[in-house]
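Structural overview
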Amino acid sequence: MKKLLLTALVAIGFLVPARANIHVVVSIRNQTAWLVDYDRILMTSPVSTAKRGMHTPTGNFEVSEKDVSHISTIYHVPMPYYMRLSGEPFGMHAGYLPGYPASHGCIRMPKKKAAMFFKSVNIGTSVRILPN
């Protein structure tokens, strides 16, 4: 019975993307991302944004592309669970998190968290990136 209940809860969790009020907030200062439903935090993740000398854009964006096995056209490295933002040459994806800003501009997340964010957002989902 417990297994059936857990299966049902997991299945309900995958219905989240159908809800229009889901959005993502990323704090460069806190190196954290939140998946939010109205004002309720559904999930949180540590992130790594741009290192010194590079730039993670701030402001309001939308998920414009999703690619589960994206390869960077600039650096030729895998970017699993890639979520491009507003057609720009950056996005959110799974990657190495050393505990401080270290990317070339993208928002890196741990692989398991990136996969969960990827499954929970749709093309058009709002992403707000707050400055340092």
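Throughout this description, residue numbers start from 1 for each chain and increase along the sequence as written. Per-residue local features of the predicted model are confined to residues with pLDDT of at least 70, and side-chain atom pairs are confined, for both listing and counting, to 80 or more; whole-chain, interface and lining totals are unaffected and use all residues. Hydrogens and water are ignored here; the side-chain numbers use all heavy atoms of the structure.

**Let's talk about the pairing of strand E4 (residues 59-71)**
Here, a strand pair is defined by DSSP locating no fewer than two bridges between the strands. Helix and strand assignments follow DSSP, with helices taken as H or I runs no shorter than four residues and strands as E runs no shorter than two, numbered in order from the N terminus. By the bridge criterion, four bridges tie E4 to strand E8 (residues 126-130) in an arrangement that is antiparallel. Note that in E8 the partner of glycine 59 across the bridge is isoleucine 129. Inspection of the sheet shows E4 paired to strand E5 (residues 78-85) by seven bridges, in the antiparallel sense. Bridging from a neighbouring strand, valine 63 pairs with leucine 85 of E5. The hairpin turn running from E4 into E5, its antiparallel successor, is six residues long, and histidine 76 in that turn takes a positive phi close to 55 degrees.

**Observations regarding the environment of methionine 83**
Mapped onto the elements, methionine 83 comes out in strand E5. Accessibility here uses a 1.4 Å probe with only protein chains present; expressed as a share of the type maximum, an area under 20% marks a residue as buried, one over 50% as exposed, and anything in between as partly exposed. With a relative accessible area of 0%, methionine 83 lands in the buried category. In this structure the C-alpha to C-alpha distance between methionine 83 and lysine 66, which are 17 residues apart in sequence, comes to 4.7 Å. With residues near it in sequence (within four places) discarded, methionine 83 still touches Val63, Glu65, Lys66, Gly91, Met92, Met109, Ala114, Phe117, Phe118 and Val121. Residue contacts follow a heavy-atom distance rule, with two residues in contact if any of their heavy atoms lie within 4.5 Å.

**A closer look at the sheet that holds strand E6 (residues 91-94)**
With mixed pairing, the eight strands of this open sheet are ordered in space as E3-E2-E1-E8-E4-E5-E6-E7. Two strands in the sheet have a free side with no partner beyond their single neighbour: strand E3 (40-46) and strand E7 (107-109). Averaged over all neighbouring strand pairs, the angle between strand axes comes to 30 degrees, with direction disregarded. Every angle, taken between N-to-C directions, lies between 0 and 180 degrees, and every axis is a line fitted to C-alpha atoms, over only the stretch in contact when it is a helix.

**A short note on the packing of aromatic side chains**
Aromatic contacts are taken between Phe, Tyr and Trp rings whose centres are within 6.5 Å, Trp giving its six-membered ring; a plane angle under 30 degrees counts as stacked, one over 60 as edge-to-face, and the others as tilted. Counting across every chain of the model gives two aromatic pairs. Look at phenylalanine 61 and phenylalanine 90: their rings are 5.4 Å apart centre to centre, the planes differ by 85 degrees, and that puts the pair in the edge-to-face class. On the criterion of sequence distance, the pair formed by phenylalanine 61 in strand E4 and phenylalanine 90 in the loop between E5 and E6 is long-range, its members being 29 residues apart. No difference in accessibility class separates phenylalanine 61 from phenylalanine 90, as the two residues are buried. Note on tyrosine 81 and phenylalanine 118: the rings are 5.6 Å apart at their centroids and 65 degrees apart in plane angle, and the pair reads as edge-to-face. Here phenylalanine 118 lies in helix H2 (residues 111-120) and tyrosine 81 lies in strand E5, a separation of 37 residues in the sequence. Positioned above the aromatic ring of phenylalanine 118 is the side chain of lysine 66, whose terminal nitrogen or guanidinium carbon lies 4.6 Å from the ring centre. Geometrically, a lysine NZ or arginine CZ counts as sitting over a ring once it is within 6 Å of the ring centre and also within 35 degrees of the ring normal.

Limitation: the analysis is restricted to geometry and does not speak to function.
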